[in-house]
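# Coordinates in review
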Amino acid sequence: MFPHTRDTLLFFTLISLVGISVICLLFIIFYLVSESSIILSEINLRHYFFDDSWHPSENQFLLLPMIVGSLFITIGAMFLAIPLGIFTAILCQFYVPNWLSQSLQRIVEILSGIPSVVYGFWGVVVIVPLLATIQAPGTSLLAGVIVLTFIIMPGIVLIANNAFQNVEKMHLHNAIALGLSRYSIIRHIVFPSAQRGLLSGIILQSGRAIGETLAVLMVCGNVVQFPGNIFEPIRTLTSNIALEMAYAMDLHRSALFLSGLILMLVVLTLILLAERFELSTKTT
Amino acid sequence: MASCSPQQPTPDLKRNKPITLSGKLTITGSSTIAPLAAELAKQFEKQHPNTKVDVQTGGSSRGITDIRRGTSDIGMVSRKLKSNESDLTSHLLAKDGVSIIVHKSNPILELSEHQIKQIYLNKIDNWKLLNGMDKKITVINKAEGRSTLEVFLKHFNLNNTQIKPSIIIGDNEQAVKLVANNPHAIAYVSIGTAEYDIGLGVPIKTLALNGIPANKKALISKQFPLSRELNFITKENISALTIAFINFSQSKTANSIIEGFGFVPTHP
């Protein structure tokens, strides 16, 4: 196949490694589908959307509030983390001296390395009591959004930094030579050309946000309901699995696999969206 | 989890034991029992150097599933077996109480069963109504399937659908953490966990129930009403090693270990 045996060897090693990861993914999907099919064959689809509540031991399988909860918390966190992250990156790239920019980037890298459970613990000890002074009990959608914002913000800074660095240097130099203000340069040159990297990176981060489990479980209160306002507790699909998996049996267990399947579908959709953005902007 | 490096038995030890046990035991199930089982396993391995006992957690239902599938030798279940689980045999290991906890700064000292029921039904929603502070009560409930939840519901004759919680959590430690950080919260946890954390200085306290204090003493004297069984479960045709381990866990030596974990031994 290849003129050198080394190349052939490398090729087959690589292809088998890739094969293993693909097979693992397929197995996971297959397992999710087969375990959830137990409940899908017994409980009609409309029950997950129109039952009175989520009480599997009493045959109530309302999943909708958790889908909504997962989406709300992700959208809320993205809403805060995207501007924070992008503005931090702009500051690093264009406004502060090099040494400060370097140290800011180091700090962001360290932040992104902190395990999310640590953020969760910080949320329980600091954010939740603080919010409780506004409206009890403090464990709420807002607490989740705040903690999640801190978890994904460093990732967005790193992505934005990367996207800004990839902007054609020639364009920047020309713009500076023309005497454009920094604002105009950022607004009219940097942003349009960094857009593609920013968007796909942000969508991938939102996948991470929706999949975050432990920190969210610790601060959200986990009551299965549609929140009346941001101070009310919610439960996400991920918390649902983590909370109940250890003790679930039969249909209950299968319902949790269904939660996982729904989550996987949402994340897959996000990844496909990210790919589309990348492709569509590449061709234009 | 509780694996010791297997040692060669000395000739002396061999002579003292009528039968030499060897082999491997796998124990899975309830996270409440797991730390205790791991300690029991350690002592058992010391007595029988040719054995290895592997303890894994995953909840009571995993304990049952694994035994049914034959992937474990002993299951740990922190409740009574249900009627649809009659294919299994349970071996009572210890008893654990469930106690109501509040923040240390809460002036309330005891609640009647009726009051607790009213709180969990949201009919009493302010501490003021119980002569406490004028603050809304934060009701903490356990997630579906947890055995403390089942014990609680059964004792108070409630359905989980009736309860209107402010927060739902998973394990005991999480409840303790939340109550310690929220002066207006109420929760229920294993007495063992509560006493352990109070010993560490965590700002929570247990409430007396119907005038009976929630502590080990009341549990031993069988006065405290809210308690549950901690069981080892097996299927039929169990090995000599399994029998030996279960006998060991119900022996006098085991009792002091059980008490060390805040549970109450049932085989004096």
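Thresholds applied
Residues numbered from 1 in each chain as written. Chains lettered and ligands numbered in written order. Predicted model: local features only at pLDDT ≥ 70, side-chain atom pairs only at ≥ 80, totals over all residues. Helix = DSSP H or I, 4+ residues; strand = E, 2+ residues; numbered from the N terminus. Buried ≥ 20, exposed ≤ 12 C-beta atoms within 10 Å, placed from the backbone. Contact = placed C-beta atoms within 7 Å. Domains from an automatic or database assignment. Nonpolar A, V, L, I, M, F, W, Y, C, P; charged D, E, K, R; others polar. Axes fitted to C-alpha atoms, helices over the stretch in contact; angles between N-to-C directions. Parallel < 35°, antiparallel > 145°, perpendicular 65-115°, else oblique. Left-handed = near helix turned anticlockwise from the far one by under 90°. Core = buried A, V, L, I, M, F, W, Y, C linked by C-beta atoms within 7 Å.

In terms of regular secondary structure, chain B is built from ten helices and twelve strands. Counting only C-alpha atoms and orienting by the principal axes, one finds that chain B spans roughly 70 × 40 × 30 Å. Split into buried and exposed, the 268 residues of chain B put 45% on the buried side. Pairs at least 24 residues apart make up 74% of the contacts formed inside chain B by residues separated by at least 6 positions.

A few words now on the domain arrangement of chain A. By a widely used convention, the size of an interface equals the accessible area lost when the partners come together. Residues and elements named next belong to chain A. Here chain A is partitioned into domain 1 (5-42) and domain 2 (54-283). Just the C-alpha atoms count here: the centres of domain 1 and domain 2 sit 28 Å apart. Across the boundary between the two partners, domain 1 contributes eight residues, which contact eight residues of domain 2. Residues belonging to the side of domain 1 that touches domain 2 are distributed by class as follows: five nonpolar, one polar and two charged.

All right, on to the domain arrangement of chain B then. Residues and elements named next belong to chain B. Under the domain assignment, chain B is made up of domain 1 (13-95 + 229-265) and domain 2 (96-220). Listed per partner, the contact involves 13 residues of domain 1 and 14 residues of domain 2. When residues of the side of domain 1 that touches domain 2 are traced back to their parent elements, those giving at least two are helix 3 (60-69) and strand 4 (89-103). Of the residues contributing to the side of domain 1 that touches domain 2, the split by class is five nonpolar, six polar and two charged.

This part is about unusual backbone geometry. A positive phi angle, near 60°, is found at Asn222 of chain A, a position not held by glycine. Looking at where Asn222 of chain A falls in the secondary structure, it is placed in the loop between helix 9 (214-219) and helix 10 (237-244). On the basis of neighbour counts, which here come to 29 C-beta atoms within 10 Å, the residue Asn222 of chain A falls in the buried class. The backbone phi angle of Asn157 of chain B is positive, close to 55°, even though this residue is not glycine. Note that Asn157 of chain B resides in the loop between helix 5 (147-156) and strand 7 (167-169).

Moving on to the interface of chain A and chain B. With 26 residues of chain A at the interface, the matching set in chain B holds 27 residues. Those elements that place two or more of their residues in the side of chain A that touches chain B are helix 5 (116-132) and helix 10 of chain A. Across the side of chain A that touches chain B, the residue classes break down as 15 nonpolar, nine polar and two charged.

All names here are of chain A. Packing of helix 5 against helix 6 (residues 141-165) brings their axes to within 9 Å, and their N-to-C directions diverge by 140°. Overall, the two elements helix 5 and helix 6 adopt an arrangement that is oblique. For helix 5 against helix 6, the interelement crossing comes out right-handed. Between helix 5 and helix 6, the residues in contact are Ser116, Tyr119, Gly120, Gly123, Ile127, Val128 and Leu131 and Leu142, Ala143, Ile146, Val147, Phe150 and Ile151, respectively. Here the residues of the contact of helix 5 with helix 6 are counted per class, giving ten nonpolar, three polar and no charged.

Relative to the helices and strands, Glu85 of chain B resides in the loop between strand 3 (74-77) and strand 4. Along the backbone, Glu85 of chain B and Ile64 of chain B are 21 residues apart, and their C-alpha atoms lie at a distance of 8.6 Å.

Once that is clear, we can look at the nonpolar core. Formed by 131 residues in total, the largest nonpolar core has its most connected members in Val147 and Val219 of chain A together with Ile140, Val179 and Ala187 of chain B. The biggest single contributor to this core is helix 6 of chain A, with 17 residues.

Moving on, we come to the packing of helix 7 (residues 169-177) of chain A against helix 8 (residues 182-211) of chain A. Residues and elements named next belong to chain A. Two numbers describe how helix 7 lies on helix 8: the axes approach to 11 Å, and their chain directions differ by 170°. In terms of their interaxial angle, helix 7 and helix 8 are classed as roughly antiparallel. Here His171, Leu172 and Ala175 of helix 7 come into contact with helix 8, specifically with Ile185, Ile189 and Ser193. Of the residues contributing to the contact of helix 7 with helix 8, the split by class is four nonpolar, two polar and no charged.

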